[in-house]
Amino acid sequence: MDWKFWQRRWDRQQERYLPFREQSFEAMVQCVAEGVRGRGRALDLACGCGSVTERLLKGIPELQVVGVDIDPVLLKIARGAFGGDERVRWMERDLRDPDWAADLEPESFDAVVTVTALHWLEESVLLRVYRDVAALLRPGGIFVNADHMPLENRVFSDAGRRLYDGWFESSADRDDWEG
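Residues numbered from 1 in each chain as written. Predicted model: local features only at pLDDT ≥ 70, side-chain atom pairs only at ≥ 80, totals over all residues. Heavy atoms only, no water.

Chemist: Explain a nonpolar patch on the surface to me, please; I cannot follow it from the model alone.
Modeler: The grouping of Met-1, Phe-5 and Trp-6 at the surface amounts to a nonpolar patch, some 350 Å² of accessible area in total. When you line up the elements, Phe-5 lands in helix α1 (residues 3-15). (Patch = residues over 30% accessible without salt bridge, like charges linked within 9 Å, V, L, I, M, F, W, Y side chains within 5 Å. Areas by Shrake-Rupley, 256 points an atom, 1.4 Å probe, with all protein chains shown as cover. Salt bridge = Lys/Arg side-chain N within 4 Å of Asp/Glu carboxyl O. Helix = DSSP H or I, 4+ residues; strand = E, 2+ residues; numbered from the N terminus.)

So, in structure tokens, the structure goes:
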């Protein structure tokens, strides 16, 4: 099985939903690189098939990453694409489960990153996940969320919707979620 092919196909499909995805990844890697200064440990929340993890490891080769996701298919692609890379550990977890982080050591991560998942969580679950993340971060650690979170401010929300709608139309040649 060509796991890298499936990882690339996932990335291309996700470009349809996340404008400026690669730029978000670049900014995320730069933030993490500043925080870990060459080595450290990162948690990739809702890691999917390892898109963010891949970029983190290219930009920070000595980084150790734990990827957490609920989707066994995406995790299978991640495991295959990384082919046993010892810098990565994959865990099947549901962030809606209050015990998702129970076997992760408190204050053991220099960075926690996420891209396209937290907007799906109900507010009460999201607040608990944020508390969990805070407990997992070492003092001075960073949390980088590149997701499109709902905005309460009407002006920002309308501007964001116009930007997103234009991007969505221009990326119609990519697979959609069902594809």
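Chemist: What is the right way to look at the side chain of Asp-132 in this model?
Modeler: Along the chain, Asp-132 turns up in helix α5 (residues 123-136). Within the local environment of Asp-132, its side chain forms a polar contact with the side chain of Trp-100, the two groups lying 2.7 Å apart. (Polar contact = N/O pair within 3.5 Å; in protein donor to acceptor, adjacent residues only side chain to side chain.)

Chemist: Quick question: what am I supposed to make of the sheet that holds strand β5 (residues 137-145) here?
Modeler: What links the strands of a sheet is backbone hydrogen bonding, and the strands pair in either a parallel or an antiparallel sense. Spatial strand order, β3-β2-β1-β4-β5: 5 strands in an open sheet with parallel pairing. In this open sheet, the two edge strands, each paired with only one partner strand, are β3 (88-92) and β5. Between one strand and the next, the sheet's axes are offset by a mean angle of 20°, whatever the strand orientation. Inspection of the sheet shows strand β2 (residues 62-69) paired to β3 by 5 bridges, in the parallel sense. What sits directly across from Asp-69, in β3, is Glu-92. Across the face of the sheet, helix α3 (residues 51-59) comes into contact with β1 (39-45), β2, β3 and β4 (109-114) while running at roughly 175° to β2. With respect to the sheet, α5 is in contact with β1, β4 and β5, its orientation differing from that of β5 by roughly 140°. (Pairing = 2+ DSSP bridges. Axes fitted to C-alpha atoms, helices over the stretch in contact; angles between N-to-C directions. Contact = heavy atoms within 4.5 Å.)

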